[in-house]
Amino acid sequence: MPRIVKSGLIQMSLPISEGEGTIAEIMEAMVQKHIPLIEEAGRQGVQILCLQEIFNTPYFCPGQDKAWYASAESVPGPTTDRMAEYAKKYNMVMIVPIYEREAAGFLYNTAAVIDADGTYLGKYRKNHIPHTSGFWEKFFFKPGNMGYPVFQTKYAKVGVYICYDRHFPDGARVLGLNGAEIVYNPSATVAGLSQYLWKLEQPAHAAANGYFMGCINRVGTEKPWNLGKFYGTSYFVDPRGQIFAQASEDNDELLISEFDLDEIDEVRATWQFFRDRRPETYEKLVEL
């Protein structure tokens, strides 16, 4: 029998920002704006749903205001518990990216993975942290320290890569070697050079490793930072590197698509990525 999975991606603009409410009010407004689309995903039978990078806040990294440290929370914690209720209600796996506080001064850009029965399976912490040209992430996030885990959910083996991670093929390869069938990349990226790379790098990861990817980007321009236009264009790409479903550049949107995980076997049998790979020839690439 075909292994058909129905997956959804939510791209979202910011409803209120600095100067229009407290941090707690801004976060709650963002969650409330997501809930109708989360509910719609559930009603449409979505089996795996992924939200955008730090989904319940603005992308505050163009500034360096430590007040945003207050938006970080434990994982698991209040927001993951809240999302677990929707996961359980709709029998829907959820990938929930939020700002994580492990302890004082230990803050991470994290994505929690919640299984279809509401069980918290674990988390991925963003490994590659930029610090340049308005993306001052090292002010807010420590680099991830949990490797590249793959989570056995009810419907598929799922891995997560977050935003800037996509510029590095190494972790994408490890996710494939760890058994990922679908890799989700929640992001916050603006128009410019990134827009060209958006449709280049992730299809390349999917093709090089023979898995599906779901790639999410937020939409709109966020005050007061005005970093640029978050251009949406969330999409799904197959193990051949072909984009087969895509959202708009400007709209809040739930993108849903069905695909057959058996295509992974077909592609890997054709190209034999893992049989022909020669890790022993590049285990030691550089002298440190």
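The name given to the protein chain in an unreviewed UniProt entry is N-carbamoylputrescine amidase, with Hymenobacter chitinivorans DSM 11115 as the source organism.

Caption draft 1: Geometry of the sheet that holds strand S9 (residues 157–160). The six strands lie next to each other as S8-S9-S10-S11-S14-S15, forming an open sheet whose pairing is mixed. Every interior strand has two partners, whereas the edge strands, strand S8 (150–152) and strand S15 (243–246), have only one. Each strand of the sheet is rotated relative to its neighbour by a mean of 20 degrees, with strand direction disregarded. Across three bridges, the pairing between S9 and strand S10 (residues 182–187) is parallel. Directly across from Val160, in S10, lies its bridge partner Tyr184. Here helix H5 (residues 201–209) sits on the sheet in contact with S10, strand S11 (212–217), strand S14 (235–237) and S15, set at roughly 30 degrees to S14.

Caption draft 2: Seen up close, the sheet that holds strand S5 (residues 120–125). The strand order S5-S4-S3-S2-S1-S16 describes an open sheet built from six strands, whose pairing is mixed. Of all the strands in the sheet, the pair left with one neighbour each is S5 and strand S16 (253–260). Each strand of the sheet is rotated relative to its neighbour by a mean of 30 degrees, with strand direction disregarded. Examined bridge by bridge, strand S1 (residues 4–11) and strand S2 (residues 48–50) share three bridges and lie parallel to one another. Within S2, the residue paired with Ser7 across the bridge is Ile48.

Caption draft 3: A look at the environment of Gln44. As for its placement among the helices and strands, Gln44 is situated in the loop between helix H1 (23–43) and S2. Separated by 24 residues in the primary sequence, Gln44 and Glu20 have C-alpha atoms spaced 34 Å apart. Setting aside anything within four residues of it in sequence, one finds Gln44 in contact with Lys6 and Ile256. Among the polar contacts listed, one links the side chain of Gln44 to the side chain of Glu40, at a separation of 2.7 Å.

About the cut-offs
Residues numbered from 1 in each chain as written. Predicted model: local features only at pLDDT ≥ 70, side-chain atom pairs only at ≥ 80, totals over all residues. Heavy atoms only, no water. Pairing = 2+ DSSP bridges. Helix = DSSP H or I, 4+ residues; strand = E, 2+ residues; numbered from the N terminus. Axes fitted to C-alpha atoms, helices over the stretch in contact; angles between N-to-C directions. Contact = heavy atoms within 4.5 Å. Polar contact = N/O pair within 3.5 Å; in protein donor to acceptor, adjacent residues only side chain to side chain.

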